[in-house]
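Listed here are the chains, written in short residue letters.
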Amino acid sequence: MAKPIVGIIMGSASDWDTMRESHKILEEFGVAHEYRVLSAHRAPAAVTEYATKAGKRGLKIIIGAAGGAAHLAGVLAAQTLLPVLGVPIESQALKGMDSLLSTVQMPAGIPVGTLAIGKAGAKNAALLAVAILALSDAALRDKLQLYRETQTKSVLAVKLEG
């Protein structure tokens, strides 16, 4: 098994239904990654340890996903120089708007690249991670180009009947 270069961190096990989409995309592109549950509120010391050691372990990008208060991505970003991509998880109470606002509203100086709420955000976080990695990996860039071309062809192949 290759050493992971992307970490997918989620605030609770229930977030896996959404974040599995990031996992699937990274698998499709052959990007070595890891995934685990770490809560910014219920396990803050573990989040700190993960964030501060991620770069030394060879990670290049972290995807942080959480719902509700959704502080996980911001807490990770505050403790690492690695790019952190935030995925707001859809919540029952406010349909993920609370998660989105908590993830996107970072103070100047601690950026989190925030994606859409839910599964679309999880997929796009992985695709953005691939695009970042492809800047220095020609083979990955070629896979991303093929992915985009295939996507375009599938859209253009749609025939509507009226």
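Scroll up a little and you will see the structure.
Residues numbered from 1 in each chain as written. Predicted model: local features only at pLDDT ≥ 70, side-chain atom pairs only at ≥ 80, totals over all residues. Heavy atoms only, no water.

Colleague: Describe in detail helix H1 (residues 16-29), supporting the description with residues and values.
Modeller: Under the 1.5 Å per step criterion, the end-to-end length of H1 is 19 Å for 14 residues, consistent within 8% with the ideal 20 Å. Thr18, Met19, Glu21, Ser22, His23, Ile25, Leu26 and Phe29 are the residues of H1 that are buried. Residue Gly30 follows H1 closely and has a positive phi angle near 70°. (Helix = DSSP H or I, 4+ residues; strand = E, 2+ residues; numbered from the N terminus. Expected span 1.5 Å × (residues − 1). Buried < 20%, exposed > 50% of the residue type's maximum accessible area, 1.4 Å probe, protein only.)

Colleague: Could you give an account of the pairing of strand S2 (residues 33-37), with specific residues and numbers?
Modeller: In the sheet, strand S1 (residues 6-10) pairs with S2 via five bridges, with the strands oriented parallel. Paired with Val6 across the bridge in S2 is His33. Each parallel crossover has a hand, and the one from S1 via H1 to S2 is right-handed. (Pairing = 2+ DSSP bridges. Right-handed = clockwise from strand over helix to strand, strands pointing away.)

Colleague: Before we move on, can you summarise a nonpolar patch on the surface with the specific residues and values?
Modeller: On the surface, Leu94, Met97, Leu101 and Val104 cluster together into a nonpolar patch covering about 360 Å² of accessible area. In this structure, Leu101 sits in helix H4 (residues 97-104). (Patch = residues over 30% accessible without salt bridge, like charges linked within 9 Å, V, L, I, M, F, W, Y side chains within 5 Å. Areas by Shrake-Rupley, 256 points an atom, 1.4 Å probe, with all protein chains shown as cover. Salt bridge = Lys/Arg side-chain N within 4 Å of Asp/Glu carboxyl O.)

Colleague: Can you break down the sheet that holds strand S5 (residues 113-114) residue by residue, with the values?
Modeller: What the five strands build is an open sheet, ordered S2-S1-S3-S4-S5; its pairing is parallel. Strand pairing shows two members of the sheet lacking a second neighbour, S2 and S5, which therefore form its edges. In the packing of helix H5 (residues 119-134) onto the sheet, contacts are made with S1, strand S3 (61-66) and strand S4 (84-88), and the angle to S4 comes to roughly 170°. (Contact = heavy atoms within 4.5 Å. Axes fitted to C-alpha atoms, helices over the stretch in contact; angles between N-to-C directions.)

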